[in-house]
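# Observations on chain architecture
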Amino acid sequence: MLSKTNKQLFLKLLSLFSVVRGYNILMVILAQYLASIYILAPNLPVREVVLDIDLFIIILASALVIASGYIINNFYDSEKDLINKPRKTMLDRLVSQRFKLTTYFILNFLAAFAASYVSFKAVLFFSAYIFGIWFYSHKLKRIPFVGNFISATLAIAPFFAVFVYYKNFENVIFVHAMFLFLLILAREMIKDLESMKGDIAQGYKTIPILYGIRMSKFLIATLILLTLIPSLSLITQFNIGYMNLYFIVCVVLLILFLVLLLKAHLKKHFVWLHNILKFIIIVGVFSILLINIDLVLNRIL
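Residues numbered from 1 in each chain as written. Predicted model: local features only at pLDDT ≥ 70, side-chain atom pairs only at ≥ 80, totals over all residues. Heavy atoms only, no water.

## Notes on the pattern of salt bridges
- For the structure on display, the rule yields one salt bridge.
- Residues Lys191 and Glu188 are paired through a salt bridge, measuring 3.4 Å at the closest nitrogen-oxygen approach. Placement of both Lys191 and Glu188 in helix α10 (residues 171-194) is noted, with a separation of three residues, approximately one turn of the helix.
- You can call Lys191 partly exposed: its relative accessible area is 24%.
- Looking at Glu188, the relative accessible area reads 10%, which means it is buried. (Salt bridge = Lys/Arg side-chain N within 4 Å of Asp/Glu carboxyl O. Helix = DSSP H or I, 4+ residues; strand = E, 2+ residues; numbered from the N terminus. Buried < 20%, exposed > 50% of the residue type's maximum accessible area, 1.4 Å probe, protein only.)

Printed below as a string of structure tokens:
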């Protein structure tokens, strides 16, 4: 049995993990490494990629900035989340706002300090990334569509950092990036439909509040239809190995998504639609392995 002190410490650590969404950060780290091995640097030995200290620091700095971003977002959205996500918010509040802000500044300092090992350009990139997340959380997220667009851009920024590091400008990378960006943007707009109650209470001017649920659903449907373009392009025009099976399934799921979106009108429906897009993104990370199943075994040495 845990003592009372240890139990409180455990709950606070769990609360902090919830605030920074540690599971999302782990997925981003995995995605960055898999993208580096299979897409951005396919000709380098796996060991060279995995043991690359500069790449490790870029990914570490990304993780630190993402964690700090979740903290500052949680800080500004605490009242809204209490309405939309009461259970999660009660867990998050086990850690004081003052401690969250202190952690926020420490994580950002560590990220910039780590980036200085790679280059001055890396420091500038992560400094801009930190500022972008703060400005989004403080101001931009309240602006309809602009907030959604910036949020999706910030979400793929860690992959841009790795992309610039390897300087690989093949078309297949841009098509992958467009697929991911459109999917995340659609997901951000679905979240607006989920959180309408809290947004209205806090005076947020989101698309469904200003222009109605029908207009919001129309824009989401348009984004999903646009997402089909890079999906079909990756299936038919590029050699991505067995990962084409993933995109075939994606096309089916996205068509199903459109059917369900047409009928959706309750919060629980929008939660399901959100989960479908989240599922596609998570499975997409692991499906990178399907580009060449034997690749790792053949390149270990």
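The discussion continues.
## A few points about the layout of surface pockets
- Of the volumes computed, that of the second largest pocket is approximately 270 Å³.
- Forming the boundary of the second largest pocket are Ile58, Val118, Ser119, Lys121, Ala122, Phe125, Phe126, Phe160, Ala161, Val164, Tyr165 and Lys167.
- Among the secondary structure elements, those contributing two or more residues to the lining of the second largest pocket are α8 (120-138) and α9 (146-166).
- A breakdown of the residues in the lining of the second largest pocket according to their chemical character gives nine nonpolar, one polar and two charged. (1 Å grid on protein atoms, 1.4 Å probe; cavity = no way out; pocket = protein on both sides within 12 Å on 5 of 7 lines; lining within 4 Å. Points joined across faces, edges and corners; volume = space filled by probe spheres on them. Nonpolar A, V, L, I, M, F, W, Y, C, P; charged D, E, K, R; others polar.)

## Notes on the packing of aromatic side chains
- A full pass over the atoms with the stated rule returns 15 aromatic pairs.
- Between the aromatic rings of Tyr104 and Phe105, the centroid separation amounts to 5.2 Å while the plane-to-plane angle is 70°, which identifies the pairing as edge-to-face.
- Classification of Tyr104 by relative accessible area gives buried; the value is 6%.
- Taking the centre distance of 4.9 Å and the plane angle of 70° together, the rings of Tyr246 and Phe247 count as edge-to-face. We note that Tyr246, like Phe247, is buried.
- Ring pairing ties together the aromatic residues Phe125, Phe126, Tyr129, Phe160, Phe163 and Phe174, which thus form one cluster. (Phe/Tyr/Trp six-rings, centres within 6.5 Å; stacked < 30°, edge-to-face > 60°.)

## With respect to the environment of Phe99
- Within the element layout of this structure, Phe99 appears in helix α7 (residues 97-118).
- For the pair Phe99 and Leu16, spaced 83 residues apart in sequence, the C-alpha to C-alpha distance is 9.7 Å.

## What about helix α4 (residues 53-76)?
- With 24 residues, α4 extends 35 Å from end C-alpha to end C-alpha; this agrees with the ideal 34 Å at 1.5 Å per step.
- Extensive coverage of α4 is indicated by the burial of 17 of its 24 residues.
- Where α4 begins, one side-chain oxygen reaches toward the backbone nitrogen of Asp54, 3.0 Å away; that side chain belongs to Asp52. (Expected span 1.5 Å × (residues − 1). Polar contact = N/O pair within 3.5 Å; in protein donor to acceptor, adjacent residues only side chain to side chain.)

## Some remarks on a nonpolar patch on the surface
- Taken together, the side chains of Ile53, Phe56, Leu60 and Tyr117 make up a nonpolar region of the molecular surface, amounting to roughly 390 Å² of accessible area.
- Sort the elements by how many residues they give to the nonpolar patch and α4 lands first, with three residues.
- Examined against the element boundaries, Tyr117 turns out to sit in helix α7. (Patch = residues over 30% accessible without salt bridge, like charges linked within 9 Å, V, L, I, M, F, W, Y side chains within 5 Å. Areas by Shrake-Rupley, 256 points an atom, 1.4 Å probe, with all protein chains shown as cover.)

## Focus on the nonpolar core
- Within the largest apolar cluster, 84 residues are counted, with the highest numbers of intra-cluster contacts made by Phe257, Leu277 and Ile280.
- Broken down by element, the residue count for this core peaks at 13 residues, all from α10.
- In this structure, Ile280 is in contact with Phe179, Leu183, Tyr246, Cys250, Leu253 and Leu254, ignoring residues within four places of it in sequence. (Core = buried A, V, L, I, M, F, W, Y, C linked by side-chain atoms within 4.5 Å. Contact = heavy atoms within 4.5 Å.)

## Quick notes on the side chain of Ser231
- Inspection of the secondary structure puts Ser231 in helix α13 (residues 213-236).
- With relative accessibility at 0%, the residue Ser231 sits in the buried group.
- Look past the residues within four positions of Ser231 in its chain and what remains in contact with it is Phe179, Phe247, Val251 and Leu254.

## Thoughts on unusual backbone geometry
- Positive phi outside glycine occurs at Phe145, with the angle close to 65°.
- On the secondary structure map, Phe145 appears in the loop between α8 and α9.
- Residue classification places Phe145 among the partly exposed positions, given a relative accessible area of 34%.
- One non-glycine residue, Lys167, adopts positive backbone phi at about 55°.
- Within the secondary structure, Lys167 is located in the loop between α9 and α10.

## Examining the packing of α13 against helix α14 (residues 243-263)
- It is at 10 Å that the axes of α13 and α14 come closest, and there the two elements cross at 165°. Relative to α14, α13 is oriented roughly antiparallel. Handedness of the crossing formed by α13 with α14: left-handed. Residues Lys217, Ile220, Ala221, Ile224, Leu225, Thr227, Leu228, Ser231, Leu232, Leu234 and Ile235 of α13 touch α14, and the partners they reach there are Asn244, Phe247, Ile248, Val251, Leu254, Phe257, Leu258, Leu261 and Leu262.
- Residue composition of the contact of α13 with α14, grouped by class: 16 nonpolar, three polar and one charged. (Axes fitted to C-alpha atoms, helices over the stretch in contact; angles between N-to-C directions. Parallel < 35°, antiparallel > 145°, perpendicular 65-115°, else oblique. Left-handed = near helix turned anticlockwise from the far one by under 90°.)

Structural measurements only, silent on function.
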